[in-house]
Amino acid sequence: MASDASPPGDDKVKVRRRRKREVQAVDIEELTSTGHRALQEGRTECALSCFSGALKAARQLQDSRVLRACSFNLGAAFVETGRPQKGLDFLRRAQPGPKANRLPDLQFNLALAHNALGQSREAAAHFLQAAQLYRSQGDGGSEGDACMEMSRCYSREQDWSLAVQGFLRAAESYKVATMLDSAAGALKEAGSHMIQSDQFSHDDTMAVLTECLSLTDRITDPRILGELYLSVGVSYCQLRCFQEAVPCFQQALEPLAQQPPLLAQVLQNLGAALNSVGRFKSAVGYHRLAARLYGSLGCRGDQARCFSNLAFAFSQLGDEEEAAESFIIALQGFRDTEDYLAQVQVCELLAECYLKQRKQHKAIELYKQALTALSHSQDSSGSVRDRLVECLTAALQQSRPRLFRPCPPRPHPHSQPATRMSDITQGPGRASNRQPDNQRREEQESEQVAAGKQEAAEHAMSGWGGADETHDYMSMAPGQHSSHLSHQSHLSERQQHRESPDTPEFSCINTV
């Protein structure tokens, strides 16, 4: 009769196998733990080595659950260390089949891999799937993180509406998780993107920005707080709400006092906002501080923009000498950085300063320099060129001495009146050679205008390498041209309907 008992040798083999599996499981756990620590400490190669060793041990263990977990860890590590394609391959092995759609962490890491590969739409879809799975688990913080990343994908695709919806959903998720500082950051991003979209009203955007500011008392990190005030202030400027922007920039000064690059942006924006509300005396100090700080940071272009704003403030205060000096410094800075459109703008403003000081010859030279700089710009506008030619023509006319026909001496009261010859003494068919004095003066002035137009046109065409086209130089109304920086806001309410060369220059900040 056969016995059910196993031979003694078989029992020893089973024990050895069980102990081997236990040792392998311990090794995998230790390697995984070491890999996570190395990744957190920035020791990427060590982390990859540990996760690779864990995966190799898992293959020998022949446990599918452990094998999938090790593949996931190695894939995520490859993505985090800048090798997204290899990471994507391991992540797909982590959970093949429909079950993968039910794992939020896997969806999140798949999204990160696609995002690193520049596949924004695919990444957004995985982030959305992850957000929904996190919500089903009641994990509001992770849901908010997924929504933030999803919105950034839409932002890169310039789908502003979907980006706003994602940021607003992230804010709500963070509120549920009582992560109010993160909620404020999400609202900041939502407000900024609402301005880019044409599907949100002014009041809706203002409401989001107001709600964002209501959560600032929950932010303890000074840098995060300062950046939030700075970003909201810039959004207010883009909405032309300069009165609301000023206190935001003022609130950002203290928390960013130890962050020179960000502090310089705050000072520049505060000065520009004060310009926009007409508080020029207060603005002068901030322009100078910003210019000095940018100079110490080696940011020549930003420093030049601050001097341009400073010059405008002096001009509005009536100090044309100080304005001209600041414009000259700004112009040199833009030449150093080869910013040709900015050179055009400053040359035109400096020329206006010289005209106010009756220095027509200097103004003429500046208008010519503006035309030359415009010819080097790849983003030049025909309307700007027309206006510059018109200004140059007017300046040339002012600089030319006006010619008048000398008036004949008036007769003495007691002298005999001069004999006047009758027109009938002239032979038939012979016209008189005399012209009225007014007509003669008008003809002379007309000749001066024509000469001025010709000289201005010749200089404009020489800057563009020859007269290839025919232009009507007088067709453009003065003062209508685009500002040279896309992130600028208009100066004041009086300029809502035209873009002017005296627009204050706001600093552009990067959203994270």
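Residues numbered from 1 in each chain as written. Predicted model: local features only at pLDDT ≥ 70, side-chain atom pairs only at ≥ 80, totals over all residues. Heavy atoms only, no water.

A. Region of interest: the pattern of salt bridges. Evaluation of the coordinates by the stated rule reveals 15 salt bridges. Measuring nitrogen to oxygen at the nearest pair gives 3.5 Å for the salt bridge that ties Glu-172 to Lys-175. With Glu-172 and Lys-175 both in helix H8 (residues 160–176) and three residues apart, this pair spans about one turn of that helix. Overall, the relative accessible area of 45% leaves Glu-172 in the partly exposed class. Judged by relative accessible area, Lys-175 falls into the partly exposed class, the value being 26%. Connected via shared salt-bridge partners are Arg-121, Glu-157 and Asp-159. (Salt bridge = Lys/Arg side-chain N within 4 Å of Asp/Glu carboxyl O. Helix = DSSP H or I, 4+ residues; strand = E, 2+ residues; numbered from the N terminus. Buried < 20%, exposed > 50% of the residue type's maximum accessible area, 1.4 Å probe, protein only.)

B. Seen up close, the packing of aromatic side chains. Applying the stated criterion across every chain, the model contains three aromatic pairs. A cation over an aromatic ring shows up here: Arg-93 above the ring of Phe-90, its NZ or CZ 4.5 Å from the ring centre. (Phe/Tyr/Trp six-rings, centres within 6.5 Å; stacked < 30°, edge-to-face > 60°. Lys NZ or Arg CZ within 6 Å of the ring centre and 35° of its normal.)

C. Here's a closer look at the environment of Leu-168. Looking at where Leu-168 falls in the secondary structure, it is placed in helix H8. For Leu-168, a relative accessible area of 30% puts it in the partly exposed group. Put simply, Leu-168 and Leu-187 are 19 residues apart on the chain and 6.4 Å apart in space, counted from C-alpha to C-alpha. Excluding residues that lie within four positions of it along the chain, Leu-168 makes contacts with Leu-187, Ala-190 and Val-208. (Contact = heavy atoms within 4.5 Å.)

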